[in-house]
Amino acid sequence: MKRKVLFLFTFFLIFSLLSACQGDTLLDPKNPVTLTMWHNYGGQMRYTMDEMIDEFNGTIGAEKGIIVNVTSISGSATLHEKLTMAANNDPGAPELPDITTAYPKTALILAEKDLLVDLNEQFTEEELAKYVPRFIEEGIFDNKLYVFPTAKSTEVLFVNNTLFNRFAKDTDISFDDLKTFEGIIKAAELYYQWSDNQTPHIQNDGKAFYIPDSLFNLTQVGYRQLGDEFVKDETLDLASPVFSKIWDLFYEPMVKGHIAIFDGYASDLAKTGDIICTTSSTAGVVFFPPAVTYSDNTTEPVEYGILPYPTFQEGEKIAIQRGSGMCVTKSSKEKEYAAAIFLKWFTQPQQNLYFISSTGYLPVTEEAYGEMMSQEINNISDKNIKKLLSTAIEMQREYDFYIPPTFENIDKLEKDFENKIRKIASDSRKEYLNHLKDTDSKGANKWVGYTAKEAQKILGDL
Amino acid sequence: MIVGEEVLVVNKLEQIKQEYKETGTLGLSMGLRLFLFLILLVFTMVLGIIVILLLTGTFTAGVDENKKLLQNELNHISQHISQYYGQLSVQTVDFSRNLATSIEKMLLEKEIDLSGLQNNPEILEEILTDQFDRALFSLEKSKSSGVFIILDATINNKLEKSETSRAGLFIKNMEPNILNSSSPTIVLLRGFPNIARNNSLPLHAQWDMEFDISKAPYFHLPMEYAHKESLPLSRLYSWTPAFTLPGTSEEIMLCSAPLIDSQGNILGVCGFEVSAMLFKLSYMPDYSTYSRIFCVLAPVSKDTIFTSGAMFSGGYSFKKNTLSPILNIEERRNSFYSYEGGKNEAFLGFHVPLELYPKDSAFADQKWSLAIMVPEEDIKDTLVSSTLRLAFMFTLLMLLGILLSFFLSKRYIKPITSGLDIIKSNDLSETPKTGILEINELIEYLASQSEEIHKKTEQETPSAALNEFARNIKNLSPAERSVFDLYVQQYTAKEIAGILCLSINTIKTHTKRIYTKLNVSSREELLLYISMLKEAGKDLK
């Protein structure tokens with residue numbers, strides 16, 4: 001009997017010693033784990049992100065023993081390159097962070113190198129069911145959830161209302177024309193002439209009306225709207241009649257200067273009043289400044305209108321689904337568990353709506369997308385974001401969303417396609433301007449550029 | 001149950017006390033004695049360990065180690081920062097000199113002076129476009145996060161803001177920590193948009209055409225001192241405390257120097273930027289020991305750190321607007337420095353002065369320090385937890401020692417008591433061997449003694465010895481006689497003690513006296529005589 005008591009006593013002592021050394025959970029608030037994080041929420045969005053991370057660190061983080069430390073804020077293109085460099089272990093590349101925002105195309109590269117955590121392991125089915133299914137679906141490859149939806153976006157039409165109204169007053173163009181691409185093209189031609197007429201002493205100095213922020217996205221969505229697929233078997237289907245339709249619609253206005261040819265963000269042109277409207281990501285809303293600065297340093301306060309994504313005539317109402325999610329890189333069990341806690345917190349409807357209300361992203365849970373968002377709109381002070389969210393709700397109701405395919409080569413394909421189209425268009429524009437110099441404007445109208453078939457040949461090696 | 005045990009313990013103690021009174025010695029059992037000796041040994045050893053740890057400084061090692069850790073980290077980072085800021089200061093001066101020469105040459109070619117730049121956007125754009133490559137090259141060479149040129153002229157002096165607006169160029173590297181990057185991380189924060197477009201650079205999200213110099217010490221101070229003092233260029237550059245450019249969201253520090261042409265005309269200023277992110281990533285202290293450690297580069301006065309103008313780096317970045325704008329420095333004897341703010345903020349750490357200017361610089365009176373700090377509670381927690389760990393280990397050691405002593409004393413005494421039980425049995429010759437040599441020898445000795453007594457009694461004339469024995473019985477005292485009578489009735493000492501209601505020790509004392517008076521040496525001998533007397537038919541009463 002005595003022996004049993006002694007044995008139990010000794011066992012209890014050893015057990016207490018071991019449990020004191022190891023801890024009974026993965027996290028210890030007295031010895032917190034630090035998670036490094038890269039994100040692409042720069043500019044004004046940075047305030048919101050900083051504030052939210054501070055809040056997490058001061059509440060749930062402090063309670064559970066997690067510190068989130070942001071070590072990079074870059075644009076999504078730079079982030080893609082940094083992550084690819086880090087994944088490839090390129091010389092001079094930084095170490096991969098524990099959490100990073102990434103587009104599916106970037107996540108795919110990391111996942112193929114077995115660097116990402118399958119987030120299915122960190123979330124229960126019940127938890128995942130709270131998110132909008134198509135957002136979750138976008139981050140799944142090989143049945144593994146690599147990109148967790150934190151804030152999504154789609155494309156809308158941003159219109160500089162102040163400049164547009166000035167132009168519309170003198171013409172028969174209205175906002176209704178901006179519902180279709182054909183209407184935009186018509187308005188663009190009229191705007192070029194109208195702006196050219198503002199300076200009668202200078203010939204052919206009309207301004208561009210429109211620019212798509214991503215030609216590749218426009219083409220992909222255009223195909224889908226018109227009932228076809230642009231990317232088939234990881235190649236571009238340029239032989240489709242839809243390509244001819246899109247080419248015919250956009251090529252000539254680009255050459256004639258009605259649509260801007262620009263290798264950069266549309267918001268850069270919007271800052272200087274060089275365009276009136278653009279199809280761009282909802283998340284780009286904070287990049288449209290409240291005033292336009294002209295070349296003589298005068299500024300003009302402007303208001304923006306945010307309209308649903310235009311459709312091709314006879315096309316269906318379809319828009320792209322965009323926006324990076326967050327990926328967790330493989331590290332230790334503690335860090336992976338801690339990262340999942342952060343993701344759960346960050347996407348709770350309350351946090352999610354706070355984030356979108358100052359960034360232009362869209363919420364990711366069904367609960368946040370519903371009644372909660374309609375209520376939240378009333379509390380938003382930023383006029384543009386208010387308009388944007390109303391448009392997003394409208395699109396959510398009326399549009400179908402297109403999730404672009406993800407494969408390793410997609411990024412290169414996109415770049416090559418856009419560069420080649422821009423090259424063809426800008427070369428043609430130079431020729432066109434030379435042609436203008438040599439002939440009168442009537443003669444210039446007889447100028448003939450590349451047909452869709454010729455363009456297919458030039459683009460054919462994509 | 002527990003009360004019952006307590007009563008037993010009290011009774012036992014009472015018994016021991018009683019026996020001590022009666023016999024004059026403490027009647028502790030051998031097992032208990034051994035147990036107490038072993039515990040004493042354990043206590044002595046633990047005390048010895050504590051003394052050794054005290055002498056070798058293990059108990060104070062926690063504090064010393066923490067101090068050393070922070071000091072090493074501070075030395076390491078301060079060397080790097082000092083070197084980097086020094087290099088950037090030199091590069092600012094070089095950049096300013098080259099830029100001033102180049103712009104002066106261009107103005108000469110165009111046959112205009114500084115006043116000719118006012119309200120002349122074409123020339124301003126041409127000059128700034130011309131300097132773009134130089135600026136970009138300097139930016140890459142300096143490994144800073146931005147480079148800027150501000151000319152003392154504005155594009156449009158008819159505007160209301162023209163008094164506080166100056167034309168210039170501000171190029172930012174958004175990722176200065178990446179060594180190898182093919183995609184552009186360079187953006188234009190200030191300047192003509194065409195410069196960005198012609199060089200395929202995006203405009204910064206918070207781009208503006210010109211600099212707002214309404215609150216811009218980075219512009220006014222070098223300009224003012226260049227006008228006022230006849231110092232060389234290397235004594236005219238200045239560093240700003242951390243601040244946010246109007247309309248932007250990131251904190252930066254700027255190093256700026258005046259642009260002075262060969263005639264002494266001041267054309268503007270130029271310099272480099274260190275962004276908060278660049279600072280944070282470049283000078284991150286090791287946060288494996290203290291996750292909330294951070295490094296602060298800040299303007300200081302004698303006993304105050306101005307955190308409002310500081311750059312921070314660390315695993316956990318304090319939200320600057322919640323931190324007190326000033327921290328008071330207090331030196332503690334043989335310990336850390338303490339840095340206290342107004343909102344119950346207390347940090348411990350160390351700081352060193354950082355020389356950003358030569359002694360004869362126009363800005364030599366601006367003092368800067370680099371500090372490494374950890375929230376006070378974190379250091380205290382570490383020290384308390386290490387002390388608790390030690391105390392726990394010692395307690396555990398003691399408990400294990402006591403347990404071991406208990407086991408050992410029990411194990412050690414067990415064969416001895418069983419040996420004694422054997423001895424107490426009547427027939428020593430047939431007893432089995434015990435595992436202890438000494439007990440075996442004792443049994444053998446007692447067996448041989450018993451045998452001798454038998455032989456002796458057999459050999460000796462029984463009548464004479466018996467008569468003497470019978471005579472001696474009469475000399476027994478009444479108490480001894482009553483004990484003797486019970487021996488006659490074949491009772492053992494223990495049973496006799498029970499019958500007479502006396503302690504065993506009292507019986508033992510009586511027995512010893514009986515042996516002496518009857519001239520016998522053992523119980524066996526006594527019982528032998530008694531049986532012999534009985535056989536001889538003698539009266540034992």
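Residues numbered from 1 in each chain as written. Chains lettered and ligands numbered in written order. Predicted model: local features only at pLDDT ≥ 70, side-chain atom pairs only at ≥ 80, totals over all residues.

1. A short note on the overall build of chain A
- Counting secondary structure elements, chain A contains 19 helices and 16 strands.
- By its C-alpha atoms, chain A is 115 × 50 × 40 Å across when sized along the principal axes.
- A burial count over chain A gives 44% of its 462 residues as buried.
- In chain A, 73% of the contacts between residues at least 6 apart in sequence involve partners at least 24 apart. (Helix = DSSP H or I, 4+ residues; strand = E, 2+ residues; numbered from the N terminus. Buried ≥ 20, exposed ≤ 12 C-beta atoms within 10 Å, placed from the backbone. Contact = placed C-beta atoms within 7 Å.)

2. Comments concerning the overall build of chain B
- In terms of helices and strands, chain B carries 15 helices and 17 strands.
- Taken across its 541 residues, chain B has 31% of its residues classed as buried.

3. Comments concerning the domain arrangement of chain A
All names here are of chain A.
- By the assigned domains, chain A splits into domain 1 (24-152 + 323-402) and domain 2 (154-321 + 409-459).
- Relative to domain 2, the C-alpha centre of domain 1 lies at a distance of 32 Å.
- Domain 1 puts 25 residues into the contact, and the matching count from domain 2 is 25 residues.
- Among the elements of the structure, helix H7 (133-138), helix H16 (383-398) and strand E16 (400-402) are those that each provide at least two residues to the side of domain 1 that touches domain 2.
- When residues in the side of domain 1 that touches domain 2 are grouped by element, the largest group, nine residues, is from H16. (Domains from an automatic or database assignment.)

4. Looking at the packing of helix H4 (residues 76-87) of chain A against helix H5 (residues 104-112) of chain A
Residue and element names in this part refer to chain A.
- The interhelical angle for the contact between H4 and H5, taken along N-to-C directions, is 5 degrees, at an axis separation of 10 Å. Here H4 lies roughly parallel to H5, going by the angle between them. Residue-level contacts link His80, Leu83, Thr84 and Ala87 of H4 to Thr106, Ile109 and Leu110 of H5.
- The residue inventory of the contact of H4 with H5, partitioned by class, reads four nonpolar, three polar and no charged. (Axes fitted to C-alpha atoms, helices over the stretch in contact; angles between N-to-C directions. Parallel < 35°, antiparallel > 145°, perpendicular 65-115°, else oblique. Nonpolar A, V, L, I, M, F, W, Y, C, P; charged D, E, K, R; others polar.)

5. Concerning the confidence of the model for chain A
- The share of residues in chain A with pLDDT of 70 or more is 93%, and the mean pLDDT across the chain is 88.
- Contacts from residues 17-24 of chain A, a stretch scored under 50 in pLDDT, to residues over four places away or in other chains number three contacts. (pLDDT = per-residue confidence, 0-100.)

6. Examining the packing of helix H11 (residues 241-255) of chain A against helix H17 (residues 410-438) of chain A
Residue and element names in this part refer to chain A.
- One can describe the packing of H11 onto H17 by two numbers: an axis separation of 8 Å at closest approach and a directional angle of 50 degrees. Viewed along their axes, H11 and H17 adopt a mutual orientation that is oblique. Where H11 crosses over H17, the two elements pack in a sense that is right-handed. Contacts between H11 and H17 pair Tyr251, Met254 and Val255 from the former with Ala425, Ser428, Arg429 and Tyr432 from the latter.
- Its residues assigned to classes, the contact of H11 with H17 shows five nonpolar, one polar and one charged. (Left-handed = near helix turned anticlockwise from the far one by under 90°.)

7. Some words on unusual backbone geometry
- The residue Asp114(A) is not glycine, and still its phi comes out positive at about 55 degrees.
- As for its placement among the helices and strands, Asp114(A) is situated in the loop between H5 and helix H6 (125-128).
- Exposure remark for Asp114(A): the 7 C-beta atoms within 10 Å place this residue in the exposed category.
- For Glu111(B), which is not glycine, the phi torsion reads 55 degrees and is therefore positive.

8. Points about the sheet that holds strand E1 (residues 33-39) of chain A
Residues and elements named next belong to chain A.
- Reading across from one edge, E2-E1-E3-E15 is the order of the four strands in this open sheet, with mixed pairing throughout. Edge strands, defined here as strands with exactly one partner in the open sheet, are strand E2 (66-73) and strand E15 (325-328). Between one strand axis and the next, the sheet turns through 30 degrees on average, direction left out of account.
- Bridge analysis of E1 against strand E3 (residues 99-102) gives two bridges, and the strand direction is parallel. Across the sheet, the residue bridging to Met37 is Ile99, located in E3.
- Packing of helix H13 (residues 333-346) onto the sheet brings it into contact with E1, E2, E3 and E15, and relative to E1 it is tilted by some 55 degrees. (Pairing = 2+ DSSP bridges.)

9. Examining the pairing of strand E13 (residues 304-307) of chain A
All names here are of chain A.
- Only one face of E13 is buried, namely the one carrying Tyr304 and Ile306, since none of Gly305 and Leu307 on the opposite face is buried.
- Both strand E6 (residues 153-160) and E13 contribute to a ladder of four bridges, which runs antiparallel. Bridge pairing in E13 places Asn160 opposite Tyr304.

10. Quick notes on the environment of Gln71(B)
All names here are of chain B.
- Its location among the elements puts Gln71 in helix H3 (residues 58-110).
- Residue classification places Gln71 among the partly exposed positions, given that 15 C-beta atoms sit within 10 Å.
- The spacing of Gln71 and Glu340 is 269 residues in sequence and 19 Å in space, taken between C-alpha atoms.

11. Side note on the interface of chain A and chain B
- Each side of the interface is counted separately: chain A has 37 residues, and chain B has 34 residues.
- Residue assignment for the side of chain A that touches chain B shows that the elements contributing at least two residues are helix H1 (2-22), helix H2 (45-58), E2, H4 and helix H12 (266-271) of chain A.
- Here the side of chain A that touches chain B is built from residues that sort into eleven nonpolar, 16 polar and ten charged.

12. Structural notes on the nonpolar core
- Core analysis: the biggest nonpolar cluster contains 216 residues, and Leu35(A), Phe209(A), Tyr210(A), Ile275(A), Phe342(A) and Val296(B) have the highest contact counts within it.
- For this core, the element with the highest residue contribution is H3(B), accounting for ten residues.
- Formed by eleven residues, the second largest nonpolar core is a distinct cluster that contains Ile514(B), Leu518(B), Tyr529(B) and Ile530(B). (Core = buried A, V, L, I, M, F, W, Y, C linked by C-beta atoms within 7 Å.)

13. Details of the environment of Pro202(B)
- In this structure, Pro202(B) sits in the loop between helix H6 (193-198) and strand E5 (203-208).
- For Pro202(B) and Leu533(B), which are 331 residues apart along the polypeptide, the C-alpha to C-alpha distance reads 130 Å.

14. A few points about the pairing of strand E14 (residues 326-331) of chain B
Residues and elements named next belong to chain B.
- Across three bridges, strand E12 (residues 304-306) lies against E14 in antiparallel orientation. The residue bridging Ile305 from the neighbouring strand is Leu327, located in E14.
- Two strands pair when backbone bridges link them, and E14 and strand E15 (residues 337-340) are joined in this way by four bridges, in the antiparallel orientation. Its bridge partner lying in E15, Ile329 is registered against Tyr339.
- Turn length for the E14-E15 hairpin, with the two strands adjacent in sequence and antiparallel, is five residues, and the turn residue Asn334 shows positive phi of about 55 degrees.

15. A closer look at the environment of Gly139(A)
Residues and elements named next belong to chain A.
- Take Gly139: it is sitting in the loop between H7 and strand E4 (140-141).
- Residues Gly139 and Gln456, 317 residues apart in the sequence, show an inter-C-alpha distance of 32 Å.
- With residues near it in sequence (within four places) discarded, Gly139 still touches Pro104, Leu145, Tyr146, Val147, Phe148, Pro149 and Gly325.

16. Quick look at the confidence of the model for chain B
Residues and elements named next belong to chain B.
- Of the residues in chain B, 88% have a pLDDT of 70 or more, and the chain-wide mean is 85.
- In the model of chain B, helix H1 (residues 2-23) stands out as the element of lowest mean pLDDT, 55, in contrast to strand E1 (residues 146-151), which has the highest, 97.
- Low pLDDT, under 50, characterises residues 1-5; the stretch is placed with zero contacts to residues that sit more than four places away or in other chains.
- Two numbers describe this predicted complex: its pTM, 0.75, and its ipTM, 0.82.

17. Section: helix H14 (residues 504-518) of chain B
Residues and elements named next belong to chain B.
- Between its first and last C-alpha atoms H14 spans 20 Å; for 15 residues at 1.5 Å apiece the expected length is 21 Å, and the two agree.
- Along H14, the residues that are buried comprise Ile507, His510, Ile514 and Leu518. Buried residues of H14 fall within an arc of 65 degrees about the axis and therefore sit on the same side. In H14, the exposed positions that point more than 90 degrees away from the buried face belong to Lys512 and Thr516.
- Immediately downstream of H14, the backbone of Asn519 shows phi near 60 degrees, a positive value. (Expected span 1.5 Å × (residues − 1). Arc of directions from axis to C-beta.)

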